Amino acid sequence: MFKKNKRWLFITAILLAGFAGGLIVASHLEMAPPTYAQDKSKPLPANPNAAQGRLILQQFSAAFEEAAAKVNAAVVPIFSEQTVEERGPFSMPNDQFHNFFG
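All values derive from a computational prediction rather than experimental measurement.

1. Overview of the overall build of the protein
Each helix and strand counted, the protein has 3 helices and 0 strands in total. The secondary structure elements of the protein, listed N-terminal to C-terminal, are α-α-α. Put simply, the protein has 102 residues, and 1% of those count as buried. With an accessible surface of roughly 10,700 Å², the protein has 65% of that area assigned to carbon and sulfur atoms.

Right, dumping it as structure tokens:
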């Protein structure tokens, strides 16, 4: 029984070590193609809709600022306070019986 467990433990350890070693080797081989964030020698492709999108975002931002200025007077701060009574030294911190019956 002990030899079977020892064999499985050994096989599992070898597989995990091989997997970890493979990850380390693969990360240093740089086999994945570089992304635009990694390769700064090539410029990003031009987007013909970028100027139009930027204009729409600026219009939306201006409309949002105007709406926020109009409703700013309607926003009021709300504060609350809670008074906690200290119980005796022998009461439980979450005493459901006491909470229900007072």
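After presenting the structure, the write-up continues.
2. Section: the pattern of salt bridges
For the structure on display, the rule yields 1 salt bridge. Between Lys70 and Glu66 there is a salt bridge, and its shortest N-O distance comes to 3.5 Å. Remark: Glu66 and Lys70 occur in helix α2 (residues 50-71); sequence separation between them is 4 residues, near one turn of the helix. Take Glu66: its relative accessible area is 49%, and that puts it in the partly exposed class.

Cut-offs used in this document
- Residues numbered from 1 in each chain as written.
- Predicted model: local features only at pLDDT ≥ 70, side-chain atom pairs only at ≥ 80, totals over all residues.
- Heavy atoms only, no water.
- Helix = DSSP H or I, 4+ residues; strand = E, 2+ residues; numbered from the N terminus.
- Buried < 20%, exposed > 50% of the residue type's maximum accessible area, 1.4 Å probe, protein only.
- Areas by Shrake-Rupley, 256 points an atom, 1.4 Å probe, with all protein chains shown as cover.
- Salt bridge = Lys/Arg side-chain N within 4 Å of Asp/Glu carboxyl O.

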